[in-house]
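# Summary of the model geometry
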Amino acid sequence: MSADETNGPDVVGRNPSDRGSSGQEDWRPARESKAQRAWTPGQPKKARSIRATFTSSVLVMEAFVLVFFGLAMFGVNRGTPMAPWALGISLALAAVAVLDCALVRKPVGLWIGWIIQILLVASAFIEYTMAIVGVGFGLAWWYAVTKGAQIDRENVQRAGAEARWREEHPDAV
């Protein structure tokens, strides 16, 4: 094999002569997103919202409960005009809960979540055992919103303190 044959494209589709230029290192994959191209080693990772993670988890679990609630109400009330309505409304509410996961970082997402909690508790008028489930999920939602926000505030303070320390101690890193 000659020297010219070894200078062809490497496994990721780039020429070895391109190595070393910014964003063209040999360890990078051939196709990258904009965020991947902008990343450099040692760059701090963007913090994720704990409140968004907690509230999304509660909403997804509620979506499962709403689907099973709708199926149960459909089965119990089969043959009555209420059956398809109960199933349809609970499936629609489950879809709203899942879609609300994308909005929980904004106040409107939290308000939609509170409305879902109220409707879940109100479902006790159809099936009385849903009062326990609704109150339980309401408490879980409240905890996710309040404790998640508290943890997010603490993470911001911690990140600020760490950034100040890194500025004061550049050689310690």
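The structure contained in this document is the topic of the report that follows. Since we're looking at a predicted model, the values are computed, not measured. (Residues numbered from 1 in each chain as written. Predicted model: local features only at pLDDT ≥ 70, side-chain atom pairs only at ≥ 80, totals over all residues. Heavy atoms only, no water.)

In this section: the side chain of serine 123. Tracing the sequence through the fold places serine 123 in the loop between helix H5 (107-122) and helix H6 (130-168). Contacts of serine 123, omitting those with residues within four sequence positions, involve Phe69 and Met130. (Helix = DSSP H or I, 4+ residues; strand = E, 2+ residues; numbered from the N terminus. Contact = heavy atoms within 4.5 Å.)

All told, the structure shown has 1 aromatic pair when counted by the stated rule. A ring pair is formed by tryptophan 114 and tryptophan 141, whose centres lie 6.3 Å apart and whose planes are at 85°; its orientation type is edge-to-face. Here tryptophan 114 is found in helix H5, whereas its partner tryptophan 141 is found in helix H6, with 27 residues between them in sequence. Classification of tryptophan 114 as partly exposed rests on a relative accessible area of 30%. (Phe/Tyr/Trp six-rings, centres within 6.5 Å; stacked < 30°, edge-to-face > 60°. Buried < 20%, exposed > 50% of the residue type's maximum accessible area, 1.4 Å probe, protein only.)

Below, the discussion takes up a nonpolar patch on the surface. A cluster of nonpolar residues, Val60, Phe64, Phe68 and Leu71, forms a patch on the protein surface that exposes about 410 Å² of accessible area. Examined against the element boundaries, phenylalanine 68 turns out to sit in helix H3 (residues 50-76). (Patch = residues over 30% accessible without salt bridge, like charges linked within 9 Å, V, L, I, M, F, W, Y side chains within 5 Å. Areas by Shrake-Rupley, 256 points an atom, 1.4 Å probe, with all protein chains shown as cover. Salt bridge = Lys/Arg side-chain N within 4 Å of Asp/Glu carboxyl O.)

Taking 1.5 Å per residue, 16 residues should reach 22 Å; H5 reaches 23 Å between its end C-alpha atoms and fits that length. Contact partners of the buried residues in H5: H3, helix H4 (82-100) and H6. (Expected span 1.5 Å × (residues − 1).)

On the surface, Lys45, Lys46, Arg48, Arg105 and Lys106 cluster together into a patch of positive charge. With respect to the helices and strands, arginine 105 occurs in the loop between H4 and H5. (Lys, Arg positive; Asp, Glu negative; His and termini not counted. Charge placed at Lys NZ, Arg CZ, Asp CG, Glu CD.)

What follows concerns the pattern of salt bridges. Tallying each qualifying case throughout the model produces 1 salt bridge. Measuring nitrogen to oxygen at the nearest pair gives 2.8 Å for the salt bridge that ties arginine 166 to glutamate 162. With a gap of 4 residues between them, arginine 166 and glutamate 162 both fall in helix H6, about one helical turn apart.

Quick look at the packing of H3 against H4 now. One can describe the packing of H3 onto H4 by two numbers: an axis separation of 8 Å at closest approach and a directional angle of 175°. By the angle between their axes, H3 is roughly antiparallel relative to H4. Here Leu59, Ala63, Leu66, Val67, Phe69, Gly70, Leu71, Met73 and Phe74 of H3 lie close against H4, whose contacting residues are Ala83, Pro84, Ala86, Leu87, Ser90, Leu91, Leu93, Ala94, Ala97, Val98 and Asp100. Considering only residue class, the contact of H3 with H4 consists of 17 nonpolar, 2 polar and 1 charged. (Axes fitted to C-alpha atoms, helices over the stretch in contact; angles between N-to-C directions. Parallel < 35°, antiparallel > 145°, perpendicular 65-115°, else oblique. Nonpolar A, V, L, I, M, F, W, Y, C, P; charged D, E, K, R; others polar.)

Attention now goes to the nonpolar core. The biggest cluster of nonpolar side chains holds 21 residues, and the ones touching the most others in it are Leu59 and Trp141. If you tally residues by element for this core, the top one is H3, at 7 residues. Beyond its immediate chain neighbours, meaning those up to four positions away, leucine 59 contacts Ala97, Asp100, Cys101, Val104, Gly113, Ile116 and Trp141. (Core = buried A, V, L, I, M, F, W, Y, C linked by side-chain atoms within 4.5 Å.)

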